[in-house]
Amino acid sequence: MADLLSAYLIIGTDRPKVTRALRRLRDRVGEDATEHMSAQEASGEDVAAACNALGLFTVESRLVVVEQVERWKAADVKAVVEYLKRPAPTTVLALLGHEVKRDSPLAKAVVKAGEVLAYDVPTKGRGSKADLPKWVELQFKERGIQIDHDAARALVELVGDNADELATEVDKLTTWAAGERIGEREVAELVPARAEAPPFDLTDSWGHKDVAGALAAGERIVERSGDAPRDVLLRTAGLLVNHVGRVRECQALDAEGVPPGAAAERLKRNRFYVQKLYEQARNFSPEELGDAIVRLAELDHALKGGSKLPGELEFSRALIDITRPAEPAKTLAS
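All figures in this text were calculated on a predicted structure; none of them were measured in a lab.

What counts as what
- Residues numbered from 1 in each chain as written.
- Predicted model: local features only at pLDDT ≥ 70, side-chain atom pairs only at ≥ 80, totals over all residues.
- Heavy atoms only, no water.
- Phe/Tyr/Trp six-rings, centres within 6.5 Å; stacked < 30°, edge-to-face > 60°.
- Helix = DSSP H or I, 4+ residues; strand = E, 2+ residues; numbered from the N terminus.
- Buried < 20%, exposed > 50% of the residue type's maximum accessible area, 1.4 Å probe, protein only.
- Axes fitted to C-alpha atoms, helices over the stretch in contact; angles between N-to-C directions.
- Left-handed = near helix turned anticlockwise from the far one by under 90°.
- Contact = heavy atoms within 4.5 Å.
- Nonpolar A, V, L, I, M, F, W, Y, C, P; charged D, E, K, R; others polar.
- Arc of directions from axis to C-beta.
- Salt bridge = Lys/Arg side-chain N within 4 Å of Asp/Glu carboxyl O.

K.L.:
Would you take a moment to explain the packing of aromatic side chains for this structure?
P.N.:
The description of an aromatic ring pair rests on the distance of the ring centres and on the angle between the ring planes. Summed over the entire model, instances satisfying the criterion amount to 1 aromatic pair. Centre to centre, the rings of Trp 206 and Phe 284 are 4.4 Å apart; their planes meet at 15°, and the pair counts as stacked. Here the residue Trp 206 occupies a position in helix α9 (residues 199-207), and Phe 284 occupies one in the loop between α13 (271-281) and α14 (286-306), the gap between them amounting to 78 residues. For the pair Trp 206 and Phe 284, one class covers both residues: buried.

As structure tokens, then:
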């Protein structure tokens, strides 16, 4: 086993990996030989003194862990940089931070005395927004489990954007799967919702023409979101437009005689998900789906200022219009 270095800077947005990296250090040194500090309370000089003191009184390796190092001022960083020029031979210094640049003075000093370990959640495209579904897929891949992309997305929708909580659910599902592939259905059945209400609760109720269920799901989405109601309603209306569009697409494929399995391959989507779309498509006529798209466009206009009514009321009215069963055609009395 390789010898431990004098210093480690462990950074990044992938908090579970940061935690695991620190755990490996603690396991190597031992919890009894580990001292925990916080940059919010301890200065750079305090940390340097702790490292040197430990080095003087023990011949065994000791570990000093300092969290939230991004809170340090320039003077604190300078003190640690000076310490790292001549670190105590028996002390391992682990510095944890969320946003510490790799070209910062602290990172450069650590590189000379030890190693910078950076763990980041993948981002979408060239932006900085975390691509959590992709991250979830990678977590399962590391554990030897395959998960459908739609299932990974559903897991994020159920749990939220807390990587630690997502990692906990990944571990649970990995144990349950026992090497088998995980789909959206399994995620929906096994993972308790604690983030925003899962949107497929809404789309499933709509697909079964369950007005009460759709209204209840819509209310849960608004209640459990931390965003402004108008933003949530606009986002959910957009989700419904996309979903109805996919149902129309599957309805057209069904009319052509394309079975769900072949449609899933053509659309590059999960087989169970496409089967669900087919089932929903058979509950609506082409005219109903076309009317739903138009009604949702009217809702979008209303939510963006085209109506004086409260957004929640506009949303509920539109949801009723697109979900309720079509009234049977009236016939002339004989």
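So much for the structure itself; the text now carries on.
K.L.:
Which parts of the structure should I look at to understand the packing of helix α12 (residues 260-267) against α13?
P.N.:
A pair of packed helices is characterised by two quantities: the angle between their axes and the separation of those axes. For the pair α12 and α13, the least separation of the axes is 9 Å and the interaxial angle reads 115°. Crossing angle aside, the handedness with which α12 passes α13 is right-handed. Contacts between α12 and α13 involve Pro 260, Ala 263 and Ala 264 from the former and Arg 271, Val 274, Gln 275 and Tyr 278 from the latter. When grouped by side-chain class, the residues that make up the contact of α12 with α13 number 5 nonpolar, 1 polar and 1 charged.

K.L.:
How should I be thinking about α13 in this particular structure?
P.N.:
Given 3.6 residues per helical turn, the α-helix brings residues three or four places apart onto the same face. Taken together, the buried positions of α13 are occupied by Tyr 273, Val 274, Leu 277, Tyr 278, Gln 280 and Ala 281. For α13, the buried positions fall inside an angular range of 165° around the axis, keeping them on one side. Packed against the buried residues of α13 are α6 (149-159), α8 (184-190), α9, α11 (229-255) and α12.

K.L.:
Would you mind showing me how to read the side chain of Asp 131 here?
P.N.:
Along the chain, Asp 131 falls in the loop between β5 (115-118) and α5 (132-142). A residue is classified by how much of its surface remains accessible, and Asp 131, at 16% relative accessible area, is buried. Apart from the residues within four sequence positions on either side, Asp 131 is in contact with Val 121, Pro 122, Thr 123 and Lys 124.

K.L.:
Where do I start with unusual backbone geometry in this structure?
P.N.:
Across residues other than glycine, the phi torsion is negative in most instances, and most of the peptide bonds are trans. Phi is positive for Gln 68, which is not a glycine, with a value near 60°. Its location among the elements puts Gln 68 in the loop between β3 (62-67) and α3 (74-85). Even without glycine at this site, Ala 178 takes up a positive phi of about 50°.

K.L.:
What am I meant to see in the pattern of salt bridges here?
P.N.:
Two side chains with opposite charge may pair up if their charged atoms get near one another. Counting across every chain of the model gives 17 salt bridges. Between Asp 254 and Arg 282 there is a salt bridge whose closest N-O contact spans 2.8 Å. Within this pair, whereas Asp 254 is found in helix α11, its partner Arg 282 is found in the loop between α13 and α14, the two being separated by 28 residues in sequence. Residue class for Asp 254 comes out partly exposed when judged on its relative accessible area of 26%. Taken together, the shared-partner salt bridges connect Arg 295, Glu 298, Asp 321 and Arg 324 into one network.

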